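Commentary on secondary and tertiary structure
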Amino acid sequence: MTFEQLGLNADILRVLEAEGTTEPTPAQEQVIPHILGGKDVLVATQVDPGKTGSFTLPIMHRLMVDKEDEKPNLRALILTPTRELAAQITEEIKEQCRELSLRWAVVFGGVRIGPQIGRLKRGVDLVVATPGRLLDHADKQTIDLSSIDMLVLDEADRMLDMGFMEDVDKVLALLPEQRQNMIFAGTMNEAVKTLSDKLLKSPEVVEIAGPEINVDEISQHVYRVDKRRKTELLAHLVEQNEWTRILVFIRTKHAANRLAYYLGKSGVPSVAMHGNKNPAARAKAIEGFATGELKVLVATDIAARGMDMDDLQAVVNYDLPQIPDDYIQRIGHASSSWSLVCIDEAALLDNLQKHLGKEIESSEVEGFEVDPTIEPEPLRKERPPRKPRQANADGEQSDETESSDENFEKKPRQQRAKPKKKPQNKPQQRRHDNQGNQGNQAPRAQTDEYGDVNGNTMQSDNSNRDAVYLAGGNEIARRGRGRGGNGNANRAQQANGNRNGNGNQRRRRRKSNEANDDAPSLLGG
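Okay, so let's go over this structure. (Residues numbered from 1 in each chain as written. Predicted model: local features only at pLDDT ≥ 70, side-chain atom pairs only at ≥ 80, totals over all residues. Heavy atoms only, no water.)

Let us look at the pattern of salt bridges. Inspection of the entire model under this criterion finds 16 salt bridges. Here K198 and D169 are joined by a salt bridge, their closest N and O atoms 2.9 Å apart. Pair noted here: K198 is in helix α10 (residues 190-199) and D169 is in helix α9 (residues 165-173), with a separation of 29 residues, a long-range link. Look at D169 and you get partly exposed, because its relative accessible area is 32%. With its nearest N and O atoms 3.9 Å apart, the salt bridge here joins R251 to E345. (Salt bridge = Lys/Arg side-chain N within 4 Å of Asp/Glu carboxyl O. Helix = DSSP H or I, 4+ residues; strand = E, 2+ residues; numbered from the N terminus. Buried < 20%, exposed > 50% of the residue type's maximum accessible area, 1.4 Å probe, protein only.)

Once that is clear, we can look at the sheet that holds strand β12 (residues 314-317). Ordered by their spatial adjacency, seven strands build an open sheet running β10-β11-β9-β12-β13-β8-β14, and the pairing between neighbours is parallel. Of all the strands in the sheet, the pair left with one neighbour each is β10 (270-273) and β14 (362-363). Inspection of the sheet shows strand β8 (residues 219-224) paired to β14 by two bridges, in the parallel sense. If you follow V222 over to β14, its bridge partner there is S362. Helix-sheet contacts for helix α12 (residues 253-265) involve β9 (246-249), β10 and β11 (296-299), and the interaxial angle to β10 is about 175 degrees. (Pairing = 2+ DSSP bridges. Contact = heavy atoms within 4.5 Å. Axes fitted to C-alpha atoms, helices over the stretch in contact; angles between N-to-C directions.)

With respect to the element layout, W338 can be found in strand β13 (residues 336-341). Separated by 116 residues in sequence, W338 and V222 have C-alpha atoms that sit 5.8 Å apart. Not counting chain neighbours up to four residues away, the residues in contact with W338 comprise H221, Y223, W243, A314, V315, V316 and N317.

What follows is about the side chain of N181. Here N181 shows up in strand β6 (residues 180-185). Among the residues examined, N181 registers a relative accessible area of 5% and is labelled buried. Separated by 2.8 Å, the side chains of N181 and R179 make a polar contact. The contacts of N181, once residues within four sequence positions are left out, are D40, V41, L151, L199 and L200. (Polar contact = N/O pair within 3.5 Å; in protein donor to acceptor, adjacent residues only side chain to side chain.)

A sheet is described by the order of its strands in space; here seven strands give the open sequence β3-β4-β2-β5-β6-β1-β7, paired in parallel fashion. Unpaired on one side and paired on the other, β3 (104-107) and β7 (204-208) mark the two borders of the sheet. Recorded for the sheet is a direction-independent mean angle of 10 degrees between the axes of neighbouring strands. Pairing of β3 with strand β4 (residues 126-129) involves four bridges; the strand directions are parallel. Paired with V106 across the two strands is V128, which belongs to β4. Those strands touched by helix α4 (residues 53-65) are β2 (76-79), β4, β5 (150-153) and β6, and its axis lies near 170 degrees from that of β5.

It is worth spelling out the pairing of β13 at this point. When you tally the buried positions in β13, you get six out of six residues, the bulk of the element. Both β8 and β13 contribute to a ladder of six bridges, which runs parallel. Bridged to V222 within β13 is S339. This β-α-β element, β12 to helix α15 (residues 324-331) to β13, shows right-handed connectivity. (Right-handed = clockwise from strand over helix to strand, strands pointing away.)

The values reported here are purely geometric and, on their own, carry no functional implication.
Shown next, in the form of structure tokens:
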């Protein structure tokens, strides 16, 4: 089957052809017709790389077909649990929309809200959002959700595990009752089925199962190590075992970047794979890994979903996942797995072993023994209930941030104090005396708001300065050699207590000349 046979818009077909995408994936082939028909869908798949396109393509088709004019009208909302996933979806939408007359926006926490407000004010047809930041916009009334008629909950199983349902319920309360609802999940567990019964109406259920994973056939081993030495141990294991093709799972995208950088510096060609990588960068990374140019692929769980990896020597769990099913999906990529477990993850390991029904062999590596004096620190678990926003002294509501880390506890952002306005008619304080030295209003070791010492970047000793006199013999300042005249003129005005310009200075000169017509003047000749 082709995309044209699925009934997609001709403009979308041209974009897909330009990308070199000719045939739909199994998920796209089964899901797209249902969404084009306006039906609710429940989709469970972890292995299909075209899962995102299975809802973005038909949504864009409907937006274009039903578009009455060029003015954007927000009709589609895609909710994701993390900003990494939101960024990943947005990259795909960006590629698909580059030749289409559709406008989109992505809103998530952890970044300034101002640019997001600006983009929303200009009008959009489609929004990708995390629940918390979307509610921030709703509180500020910078987004209107009253015309939404298509809603997607992506990675719904992860959203439930992370405790986002309270926020999702608040978002649902802001949407029209008549809309098309779509749920996409990695696993069809009981929580997802309960959510489906609550939200979907006579849904079409599509479940694309990956290859069955027999955990008992996979060699599993745990290395106990201190958290601060995990990276060093991984580099040691790669060299010791002569690994040339391994997949390393890590919790966050920032940690993935740091680990890949360290391994590269250690002589192990590596690359990070996460949601912030655009499709071209992802394709290049996978190609480099497939050809053997790169030995290690460091990936987050979300980025690894849908990747088809063959002939892996091993899978390494740099961080243990909080969900046991994620562990099973991870190790299913290879015939052997190695987990680096610190004392903070002891509870996760116990929970995982209960889920598997057996203990995993564990040991320590010589030279990387665990420090028994280190106390365990609690891992940051699911997101706590959302707190009401509080207004500050100016009546503005504070922003909250959402971390890219999947298990990051949400904290309110501290308000930045606004600078006080200076009175317009307040005379400026004297900073220097007649010899260019500091006055009593400007202590020596202080800096002003611009970072200049004592408010004067020209400050230095007076040993290389020529004295400048007014007619009458009054010394007003010392003029530095080769330093330009503007700073010296300002110092002359400061020494006479004059901050109002050259007019007052000229008047004083005239009075001085009248009183001392016969006095020698270095200024007048």
